Every structure is written in C-alpha cells, then in structure tokens.
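Structure at a glance
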Amino acid sequence: MDKIIVIDYGSQYNELIVRRLRDLNVESYLYPSTFSYEEALKIEDLKGIILSGGFDSVSNESLTFNEELLKLNVPILGICYGMELLSFFLKGNINKAKNSEYGRSLINVDNTSKIFKDLPENFNVWMSHSDSVSFNDDQLKDDLKIIAKNINEEVVGFSYKENMFGLLFHPEVNNTEFSKEIFLNFIDICGAKREYKMDTFIEDQIKEIKEKVGNKKVILGLSGGVDSAVCALLLHKAIGNQLIPVFIDHGLNRKFEKEELEERFINNLHLNVLIKDYSELFLSRLKGVTDPETKRKIIGKTFIDCFSEVANSLEGVEFLAQGTLYTDIVESGKGGISKVIKSHHNVGGLPKDLKFSLIEPLKTLYKDQVREVGTILGLDKEFLYRQPFPGPGLGIRVIGEITKEKLDILKDADYILREEVKKNNLTNDIWQYFTVLTNIKSVGVMGDNRTYSYALAIRCVTSIDGMTADFYRMNYEIIAKISSRIVNEVKGINRILYDVTSKPPSTIEYE
Ligand code: XMP
C-alpha cells in the first residue's frame, strides 16, 4: 500500500501530520530524524516524505536533513523547521526573523504551483517560527521558486523542481485554511493511491495473524478497557477459539464490571473468556498497606503473578497478544523523537518473564482508529467511548487500607454517580467521573440517630488527555440529587464532598 512517511524533528504537531495523511486514507508513520536511506529502502511503496517542524533552530545544526534521502527520488515537503532544513540544503539564507510569527498570518500564494493547486491567492495560515528564510536572486532560477509570502513580503514557501516544497506555516493544524487541500495536493504530487482504510487494515491483520499463529494458541489479558477488547476481537476473528482471553478478577473493578464483561464478550460476541477470581489473594496481600505507591506495586505484582499462573497452566500457548497502540510506541521513544515516557503502568501490562512471542495487531493505530476497528468488529459505542479507568482500579480510590467493606461502599457510591451522569446526559461533557472513599469519618445525624461514617469525594474533570484537567462545573441540582441518593442508599457514607481542584496542582486520582 502506498505510504508517505513523516520525519520527526520534534514539533508538537508531528503526529498530527501522520493523522492528517491517515485521515485522507494514505498509510503513514513517524520516523526519528536519524532515519536513514537504507531504512527508507526497506519501506514498500514509499511515495513521499514530509519533514516535520521542530523546536530547534537550523542554525544550531543539531538536527540535519539526510541528503541521501534524495536518491529515493520521491517528493519531499518540509514544514516550518523542515522547510528551513531544505532551504539550508539549497544554500538559502536562514536568519533570526525580524518579526517572529506565532499564530494566524495572512499569506499570498502562487497557485500555479502544484502544492497550492485550486486554492485562492490569499488565505490565513498558522505560523510558529522565529527564523526567516531567503534566497539570493541568482539562486532563484527556473528550478527554485518562491511560491508564498506573508504580508511583510517575507518568504513563507518555496518549490524546487516542483518535487521539493517548503512551507514555513503549519498546514497540519486546523487553524490553517485549506489545510486538507494542501495535503491532498501533496498526495497527488506523490502519486500516492488513497487506499488506507480500516476494513482493509482488518483484513490484512487477520491474514497476518493466521499466518503467524498457525494452529497454536494465543493468550490475552482482557482488562476491561477498549484496547485489549478490540485486540481480542481481531484475534478471535482470525483464529477463533485458539485465542484464550483471560480476565483476572482482582476485586478492584467497578460494580457489575465482571457481569457486563460476561454479557458483552461471552454472551454477545461469543469469546471464550476465562474468568479467574483472585480477589481474595489481592485483598490479603493488600491487608494493612496504606502507602499509595506500595499499594500500586502490590497490585501490579500480584496481577503479574496471577496472569503468569494462568498462562503457565494452559497447554499449547505460544503467543501473547497485547493491545499496544501507536502512541505507546511513539511515547516510549521508539517512533519519533523521544517525548514523555509513560509514567503509568497498566495493571494489564505484560508479565516480563513469560516465554511467549508477542502479537500486537494495533501497534500502528491511534486510539480513534482502534475505536473504528472496534465498531466494525461489533463493539457498542458506550463501551468504546467509556471513560478512562486506571490499571490499579478502585485500589487507588480507597484512601488508606483497602478492605472488602470499604470497596463495597465505594462500588455502590460510584455506581450511583455513573447512573446519574448517564441519566443527565453528561457523559460527553465530563472526561472522567468517579468517587473516592476518603479515610475520614465524620459525625452526622440520620433520623434521630448520630452517625459516624465515611466522607465520600466526588471527582469530575474535563480534560483532553489527562495530562491537565479542570474540575467539571456540575449543576447544583444534579450534585444535590447525587449527594442525597448516595447518602440515603449507601450505608456507611454520611457526607459528600465535591472536588473543585484542577490538575495541576492536584492530580486526577487521589493516590
Ligand atoms: P493522574 O492521577 O496522574 O491521572 O492525574 C491521569 C490519568 O491517568 C489515569 N491513571 C492511571 N492509569 N494506571 C493507569 O492505567 C495507573 O496507575 C494510573 N494512575 C492514573 C487516571 O485515571 C487519569 O485518567
């Protein structure tokens, strides 16, 4: 399948370029700036290269353009820093700009250039640069043309032999007008066929899994989350009951989680899920433990022990399937330039010492593409768009020591919150919503009796990716209803607190 790849020079928008191409049905991946000609030769049907923006200045010469890539003879588009790299290669002048440009900027383009085909002469684009590019008059011969300028008559776009293009603005961000058309024009220039679609992806994966697995068995840890579920369905479609999805019940899941999992995966989707109840083991190992980090470690380790025990008890299993996503790979530094290394380890993570070969069929996909695959494979929308749930589960939402009694109180309260959020159609407005059983008991009065029970915190946040968050401004009437329902229906709680802190300074979870 035809591909256009992106070379990562560190811009915060680099993954957006990949997304843009994929959304326009062209297969695309991000590679680090050290990407070599030899590596490029191994990519089948490579039709074009995009050099991303970056945070550095070309004059620092810390990252360079690998000129050998020109031997591939495919069109190249340099964006922002990528344009500066190409200009540098063409012996243009790169200087500190008199006026750094950040944000909207009106440009004037030469729409006889193929990259601006069918576009108006003037439109707004998104800039983010502090260097300027210029060429001497004697360089501007037939092959090298200025094709875009800003209102100060500075160069913001050039073409070289109509096969190499530089754009100082960011066509990948939505604030740039005609961004889609610019990408479509580049795809046309590359002659790339737009064949990348999720159903073809599924067919290809099924074929690949069948070939790889043969008549062997595959084990998979079903965590209750979207990624492992979609991964399981894809494998099930390929190899049927040679797949053994295992659900380790650690007792730290939400109310009815296990029952819903049985209904969805066993009854409706006909997967042969092996459910193993280890909740007592988890509770016994957590007995008396109050330190948050120790709790997390015990939960993670116990999960691995249990999963290994199940895996080792099964005959003929040679493979372990995991729902790793493309973002997991990029974020751990294996895709483009290393960014944030994931700090959260999912409890559903891989037991390191298991001697299985890995199968990761989703590892080239982004989250929304995984949801698309899930939809095609029959998963319901409610499940695919459910709120995030941490690996250690309710274990980090019971402050202090975890006991069965506290867990039951928390599960009931959490269930009421979820019910009310759904009833009031708030699921799309709130990114994550849950309850936390604080370790504080306070005095209350119910009927004529004094009570001494737990205070429960309600945490509802809006966020894009969980890195930062704000508390959700919930309507007082709805909070009042939730509060009164929980206090009346859940024994053991006599006070409700609504959390009004953002992240930072707080975190979303309490432990
Ligand atoms: P914090 O509490 O760090 O949470 O603001 C940010 C997001 O990450 C989730 N979270 C976890 N997810 N394993 C996970 O899989 C974990 O150990 C973990 N801790 C926090 C949290 O629910 C929120 O969505």
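First things first, this report covers the structure right here in the doc. All figures in this text were calculated on a predicted structure; none of them were measured in a lab.

Section: the site of the ligand
Residues in close proximity to the ligand total 15 residues, the closest being Arg-296, Gln-432, Lys-503, Ile-508 and Glu-509. A distance of 2.5 Å separates an oxygen atom of the ligand from a polar side-chain atom of Glu-509. Tallied by class, residues from the shell around the ligand come to 5 nonpolar, 7 polar and 3 charged.

Section: the sheet that holds strand E11 (residues 243-249)
Strand order in the open sheet formed by 5 strands is E12-E11-E10-E13-E14, and the pairing between neighbours is parallel. Edge positions in the sheet fall to strand E12 (274-277) and strand E14 (357-359), since each of these pairs with one other strand and no more. Going from strand to strand, the sheet's axes swing by 30° on average, the running direction of each strand aside. Strand direction decides the pairing type here: strand E13 (residues 317-321) and E14, joined by 3 bridges, are parallel. Each residue of the ladder has a partner; that of Phe-319, found in E14, is Ser-357. Against the sheet, helix H6 (residues 226-239) engages strand E10 (217-221), E11, E13 and E14, with an angle of about 165° to E10.

What to know about the packing of helix H8 (residues 279-286) against helix H9 (residues 292-313)
Viewed as axis vectors pointing N to C, H8 and H9 meet at an angle of 145°, and their least axial separation amounts to 10 Å. Crossing angle aside, the handedness with which H8 passes H9 is right-handed. The segment H8 lies against H9, with Leu-281, Phe-282, Arg-285 and Leu-286 engaging Lys-295, Ile-298, Ile-299, Lys-301, Thr-302, Phe-303, Asp-305 and Cys-306.

Observations regarding the packing of aromatic side chains
Throughout the structure, instances matching the rule amount to 11 aromatic pairs. With 6.1 Å between their ring centres and 75° between their planes, Tyr-29 and Tyr-326 make a pair best called edge-to-face. One end of the pair, Tyr-29, is in the loop between helix H1 (14-23) and strand E2 (30-32); the other, Tyr-326, is in helix H10 (residues 326-331), with 297 residues separating them in the sequence. Accessibility expressed as a relative area gives 6% for Tyr-326, which makes it buried. With a centroid separation of 5.3 Å and 85° between ring planes, the pair formed by Phe-256 and Tyr-415 is classed as edge-to-face. Here Phe-256, found in the loop between E11 and helix H7 (257-268), pairs with Tyr-415, found in helix H13 (residues 404-423); they are 159 residues apart in sequence, far enough to count as distant. Through a chain of ring-to-ring contacts, three or more aromatic side chains come together here, namely Tyr-29, Tyr-326 and Tyr-366. Lying across the ring of Tyr-454, Lys-441 places its NZ or CZ 5.0 Å from the centre.

Section: the environment of Lys-216
Relative to the assigned elements, Lys-216 resides in the loop between helix H5 (198-213) and E10. Taking relative accessible area as the criterion, Lys-216 reaches 32% and is therefore assigned partly exposed. Through-space distance from the C-alpha of Lys-216 to that of Glu-318 is 6.4 Å; in sequence the pair is 102 residues apart. Those residues in contact with Lys-216 that sit more than four places away from it in its chain are Gln-242, Gly-316, Glu-318 and Phe-319.

Structural notes on the side chain of Arg-485
Within the secondary structure layout, Arg-485 lies in helix H14 (residues 476-489). Engagement of the side chain of Arg-485 in a polar contact is seen with the side chain of Glu-420, the distance being 2.8 Å. Those residues within four positions of Arg-485 in sequence are excluded, and the remaining contacts are Ile-416, Glu-419, Glu-420, Lys-423 and Val-490.

Reading the values: the criteria
Each chain has its residues counted from 1, running along the sequence as written. It should be noted that, the model being predicted, local features are given only for residues of pLDDT at least 70 and side-chain atom pairs only at 80 or more, the latter also being counted only at that level, while totals for whole chains, interfaces and linings use all residues. Only hydrogens and water are removed before side-chain values are computed, so all heavy atoms of the structure are retained for them. Definition of nearness: a residue and a molecule or strand are near each other if at least one heavy atom of the residue lies within 4 Å of the molecule or strand. Polar contact criterion, stated in full: a pair of N or O atoms within 3.5 Å, where within protein one must be able to donate a hydrogen and the other to accept it, and residues adjacent in sequence count only if both atoms are side-chain atoms. Note on residue classes: Ala, Val, Leu, Ile, Met, Phe, Trp, Tyr, Cys and Pro are nonpolar, Asp, Glu, Lys and Arg are charged, and everything else, Gly too, is polar. When DSSP locates at least two bridges between a pair of strands, those strands are taken to pair. Helical segments are the DSSP runs of H or I of at least four residues, strand segments are the runs of E of at least two, and each set is numbered from the N terminus. Fitting a line to C-alpha atoms yields each axis, with helices limited to the stretch in contact; the angle taken between N-to-C directions then spans 0 to 180 degrees. Two residues form a contact once any of their heavy atoms are found within 4.5 Å. Each crossing is labelled by how the near helix is turned from the far one, with a counterclockwise turn of less than a right angle marking it left-handed and a clockwise turn marking it right-handed. What counts as a ring pair is set by centres within 6.5 Å for rings of Phe, Tyr and Trp (its six-membered ring), and what kind of pair is set by the plane angle: stacked under 30 degrees, edge-to-face over 60, tilted for all other angles. Exposure categories follow from relative accessible area, calculated using a 1.4 Å probe and restricted to protein chains: below 20% of the type maximum is buried, above 50% is exposed, and the middle band is partly exposed. We count a charge as sitting over a ring when the NZ of a lysine or the CZ of an arginine lies within 6 Å of the ring centre and within 35 degrees of the ring normal.

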